[in-house]
Amino acid sequence: MNWLFVGLLMCAASVGAGAFGAHGLRSALDAEHLALWETAARYLMYGGVVLSILGVVARGSTVDLRLAGWMLFVGGLIFSGTVAAIAVGAPTWLGAITPIGGTLLIVGILVFAWRMLERSGTPAGF
């Protein structure tokens, strides 16, 4: 998978979602739901940025970053997708799925960090 490309697509989608929320949804949503939309856009950007960094690091690297990449990608989609859906009126039971996405984002970042630690060797004092 070309993680750099996918990460940059996520970043672009995040900017588009943020702009849509600010201009297209501002009059349609109350403050609470607009805040949910903004959270979804922001976390899609976070996942996209880390995934883009992973994509750059993966080029020319022998370290296997596929697990971290998939966790970041799927986690970003689940977290941001469920939060955005709730913001625009989807059933609130989707909120029970949201933590799965958040957990995948966190673990994806930790797996990425661990792989980078393995690649560089253990730092002194760690």
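To be clear, the structure that these remarks concern was listed above.
Please read all numbers here as calculations on a predicted model, not as lab measurements.

Trainee: I keep staring at the environment of Leu67 and nothing clicks. Help me out?
Mentor: Its location among the elements puts Leu67 in helix α3 (residues 66–87). Remark: the alpha-carbon pair of Leu67 and Phe112, spanning 45 residues in sequence, is separated by 8.5 Å.

Trainee: Would you mind showing me how to read the packing of aromatic side chains here?
Mentor: By convention here, two paired aromatic rings are described through the distance between centres and the angle between planes. The full count for this structure, using the stated rule, is 6 aromatic pairs. When the centroid spacing of 5.9 Å and the interplanar angle of 65° are considered together, the rings of Phe20 and Trp37 count as edge-to-face. One end of the pair, Phe20, is in helix α1 (residues 3–24); the other, Trp37, is in helix α2 (residues 31–58), and 17 residues separate them in sequence. With relative accessibility at 12%, the residue Trp37 sits in the buried group. Ring pairs connect the aromatic residues Trp3, Trp70 and Phe73, which therefore count as one cluster.

Trainee: Honestly, a nonpolar patch on the surface in this entry has me stumped. Any pointers?
Mentor: Taken together, the side chains of Met1, Trp70 and Val74 make up a nonpolar region of the molecular surface, amounting to roughly 300 Å² of accessible area. Mapped onto the elements of the fold, Met1 is located in the segment before α1.

Trainee: Help me understand the nonpolar core in this model?
Mentor: One recurring pattern in soluble globular proteins: nonpolar side chains tend to sit buried together. Counting residues in each nonpolar core, the largest one holds 26 residues, and the members touching the most others are Trp37, Leu51, Leu54, Leu72 and Phe112. Of all the secondary-structure elements, those providing two or more residues to this core are α1, α2, α3 and α4 (98–120). Of the residues forming this core, the biggest block, 8 residues, is contributed by α2. Apart from residues no more than four positions distant in its own chain, Leu72 is found in contact with Met10, Val50, Leu51, Leu54, Leu104, Leu105, Gly108 and Ile109.

Analysis parameters
- Residues numbered from 1 in each chain as written.
- Predicted model: local features only at pLDDT ≥ 70, side-chain atom pairs only at ≥ 80, totals over all residues.
- Heavy atoms only, no water.
- Helix = DSSP H or I, 4+ residues; strand = E, 2+ residues; numbered from the N terminus.
- Phe/Tyr/Trp six-rings, centres within 6.5 Å; stacked < 30°, edge-to-face > 60°.
- Buried < 20%, exposed > 50% of the residue type's maximum accessible area, 1.4 Å probe, protein only.
- Patch = residues over 30% accessible without salt bridge, like charges linked within 9 Å, V, L, I, M, F, W, Y side chains within 5 Å.
- Areas by Shrake-Rupley, 256 points an atom, 1.4 Å probe, with all protein chains shown as cover.
- Salt bridge = Lys/Arg side-chain N within 4 Å of Asp/Glu carboxyl O.
- Core = buried A, V, L, I, M, F, W, Y, C linked by side-chain atoms within 4.5 Å.
- Contact = heavy atoms within 4.5 Å.

These results come straight from atomic positions and should not be treated as a statement about function.
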